[in-house]
Amino acid sequence: MAISEEVIQYHDRTKHHPHRYAKSPDYLDWANEPDPFRRYDGVRLIPLPLAEKDPEADYLDLYERKNSTFQAISLKTIGTFLELSLGLSAWKSFGGASWALRINPSSGNLHPTEAHLILPPWEGNTQGGVYHYNPFYHALEQRATPGEKLWAKIREHFLTEGFFVALTSIYWRESWKYGERAYRYCNHDAGHAAASLSFSGTLLGWNITYLNALSDQDVETVLGFHKTRWKRFEEEHPDFLLFVHARSEKDVPREIPLELIQSFRSLSYSGEPNPLSNRPTDWHVIEEVSSKIVKPRTQGKSYQYRVHDSFQEKMPLQEATKIIRRRRSAVAFDGKTYMPKEHFFGLLEKTIPRNHKAPFDLELGEPSVHLLVFAHRVTGLQSGLYFLFRHERDLEEIKQRCHSSFLWKRVDNTPESLLFYLLKEGDFRSTGQSVSCHQEIAADGALCFAMIARFKEHIEKAPFLYRTLHWEAGLIGQILYLEAEACSLRGTGMGCFFDDAVHEVMGFSDNSFQDLYHFGIGEAVEDLRLVTLPPYHHLAKGKQS
Ligand SMILES: Cc1cc2nc3c(=O)[nH]c(=O)nc-3n(C[C@H](O)[C@H](O)[C@H](O)COP(=O)(O)O)c2cc1C
């Protein structure tokens, strides 16, 4: 069977249906819950400073890098970069249990995504190193030292100062709760984490570029995974390698020459990954599909999006880092608050890929995801079903594939970048809720989104694009989270939805386009039983060793 067929088969068998959910554990085996914090035991731990003062930036500066001056790479700035992207955001406790939340969201708060940094030499660290980021201690764990010679070659290749960040996924963390569908969520989470890094880097004036030519094996080699002793099913799987650099608005290579990758092969890597569970379970469907969706080396590619125009917002000024730090998922919405139309259009605008604007200038790929909108409560907008094309290319084809009764009426007075259409007027609260696994947050908010991606053609062209499509959905999800906060509302990603029920709402009769992710926005109803503690209160003096 062709790999693309196997990927499509995985996608089909992990669809939720109203009468049959994708296969997951019969019960939650709490004694076996995976540790959300990976450690590499037996290595040098380098504590990162927590930001004494956040970068001063308005919320629009999250998207506009030119407003933030370039900050030199140092332990201090790397600390801020990670604290504002993948660090802890709070601790919650209830009934004797406590758990950490992070700046980046994760399905079920299970956090399958790990980060590794490959840093050049800097003051007090003469050789640079390959490090794992430990968010619990906000510290780097040093696994290898590439040395100055290798770094000189890297600099020569990229023609700029910079460093690398790799993201990896531990599938078992998600499959423990979500079973076979978990592979999708790991990829959503990687997309959220990539956007988090992009926003945080932007505030430091840093550019971040996805090195899209590299293979999974290249990334594994750089991270020393070939020399790491993994516990079965608790392996980290490479998502991607990002290059963080100073070359504002100039192109950087998307590859690393093979000979440089090979130089990492001869390094010695230390550190033993901590066991995460007593008895990890074999979700062989995930093992199988992930072993097939392997990214090979490809031609490096850069992408052209929309031209670099500025956002015109009429919202009260808000500090960017406050929005980043207070981002949370709502567990319930109040069922009555409206979102003003101009905020809604401002939010949609942020989802349109633009050159040199975060987070799309990561250049994860061709924009392939569009937004079906269940608009319940937007002031000045008739409630109903709407559609936003994030790329004009798919406009005619999607129109043809949908119900012929749809109006396709272009919404008046929207910003010029928005191809935003009314499909059907009416109350879609119960439809939104029922296609989102009956979750009330899909009906009680101001809006609910379904992310519709060009699917079959991409998977047949290159099966690894299955991952890229989910990253793109996660990237959009992260924008929606921050935009919701900027409007003094709250968002929630929803990985649970009835796939084909949404396709029926659209009128799709095949898998040319598929729904990949849902998202709700509204006024949150807080769970007042929970106690909130500061993110790093546990790092009292002497604990970080
Ligand atoms: C990919 C993804 C899927 C999610 N799916 C759901 C969902 O179906 N229902 C829900 O209530 N929350 C969902 N969430 C929200 C998570 O449960 C939430 O991010 C996590 O508990 C951490 O809390 P925080 O976002 O407040 O940091 C999802 C989040 C992500 C990133």
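Residues numbered from 1 in each chain as written. Predicted model: local features only at pLDDT ≥ 70, side-chain atom pairs only at ≥ 80, totals over all residues. Heavy atoms only, no water.

Caption draft 1: Quick look at the nonpolar core. Within the largest apolar cluster, 114 residues are counted, with the highest numbers of intra-cluster contacts made by Phe81, Phe163, Phe344, Leu348, Phe420, Leu447 and Phe449. Built from parts of two domains, this core gets at least three residues from each of domain 1 (66-292) and domain 2 (329-522). Core analysis: the second largest hydrophobic core is formed by 29 residues, Tyr421, Ala442, Val502 and Val505 among them. (Core = buried A, V, L, I, M, F, W, Y, C linked by side-chain atoms within 4.5 Å. Buried < 20%, exposed > 50% of the residue type's maximum accessible area, 1.4 Å probe, protein only. Domains from an automatic or database assignment.)

Caption draft 2: Looking closely at the site of the ligand. The local shell around the ligand holds 22 residues, among which Arg327, Ser329, Gln439, Gly493 and Gly495 are the closest. With respect to the ligand, the backbone of Gly108 contributes an N or O atom lying 3.5 Å from an oxygen atom. A distance of 2.6 Å separates an oxygen atom of the ligand from a polar side-chain atom of Ser329. Look at the ligand: alone it shows 610 Å² of surface, and the protein chains cover 85% of it. If you list the elements that add at least two residues to the shell around the ligand, you get β4 (97-102), α5 (182-203) and β19 (490-494). By residue class, the composition of the shell around the ligand is seven nonpolar, 11 polar and four charged. The two domains that each donate at least three residues to the shell around the ligand are domain 1 (66-292) and domain 2 (329-522). (Near = heavy atom within 4 Å. Polar contact = N/O pair within 3.5 Å; in protein donor to acceptor, adjacent residues only side chain to side chain. Areas by Shrake-Rupley, 256 points an atom, 1.4 Å probe, with all protein chains shown as cover. Helix = DSSP H or I, 4+ residues; strand = E, 2+ residues; numbered from the N terminus. Nonpolar A, V, L, I, M, F, W, Y, C, P; charged D, E, K, R; others polar.)

Caption draft 3: Representation of the state of the cysteines within the structure. Within the structure shown, the criterion is met by one disulfide. No disulfide involves Cys186; its sulfur sits 16 Å from the nearest other cysteine sulfur, which is in Cys496. The class for Cys186 is buried, based on a relative accessible area of 0%. (Disulfide = S-S within 2.5 Å.)

Caption draft 4: Just the packing of aromatic side chains, in detail. Summed over all chains, the structure comprises 37 aromatic pairs. A centroid spacing of 4.0 Å and a plane angle of 25° characterise the contact between Phe158 and Phe243, whose relative ring orientation is stacked. On the criterion of sequence distance, the pair formed by Phe158 in helix α3 (residues 148-158) and Phe243 in strand β10 (residues 237-245) is long-range, its members being 85 residues apart. With a relative accessible area of 1%, Phe158 lands in the buried category. Judged by relative accessible area, Phe243 falls into the buried class, the value being 1%. By the ring-pair criterion, three or more aromatic residues cluster together here, those being Tyr10, Tyr171, Tyr183, Phe455 and Tyr466. Sitting above the plane of the Phe497 ring, Arg181 keeps its charged end 4.7 Å from the centroid. The lysine or arginine in question, Lys295, covers the ring of Phe464, its NZ or CZ lying 5.2 Å from the ring centre. (Phe/Tyr/Trp six-rings, centres within 6.5 Å; stacked < 30°, edge-to-face > 60°. Lys NZ or Arg CZ within 6 Å of the ring centre and 35° of its normal.)

Caption draft 5: Quick look at the sheet that holds strand β15 (residues 384-389). The antiparallel open sheet is built from seven strands, whose spatial order is β16-β17-β15-β13-β18-β20-β19. Looking at strand neighbours, the two that pair on one side only are β16 (409-410) and β19, the edges of this open sheet. Seen against the sheet, helix α15 (residues 465-486) touches β13 (369-375), β18 (447-454), β19 and β20 (513-522) and runs at an angle of roughly 15° to β20. (Pairing = 2+ DSSP bridges. Contact = heavy atoms within 4.5 Å. Axes fitted to C-alpha atoms, helices over the stretch in contact; angles between N-to-C directions.)

Caption draft 6: Layout of the domain arrangement of the chain. Taken as a whole, the chain is organised into domain 1 (66-292) and domain 2 (329-522). Centre-to-centre, using C-alpha coordinates, domain 1 lies 28 Å away from domain 2. With both chains or domains summed, domain 1 and domain 2 bury close to 2,400 Å², and 56% of this area falls on carbon and sulfur atoms. For Arg181, the salt bridge identified is with Asp499, shortest N-O distance 3.0 Å. Counting the contacts that link domain 1 with domain 2 gives 16 residue pairs in polar contact (both at pLDDT 80 or more). If you tally residues by element for the side of domain 1 that touches domain 2, the top one is α5, at 14 residues. (Buried area = accessible area lost by both parts, 1.4 Å probe. Salt bridge = Lys/Arg side-chain N within 4 Å of Asp/Glu carboxyl O.)

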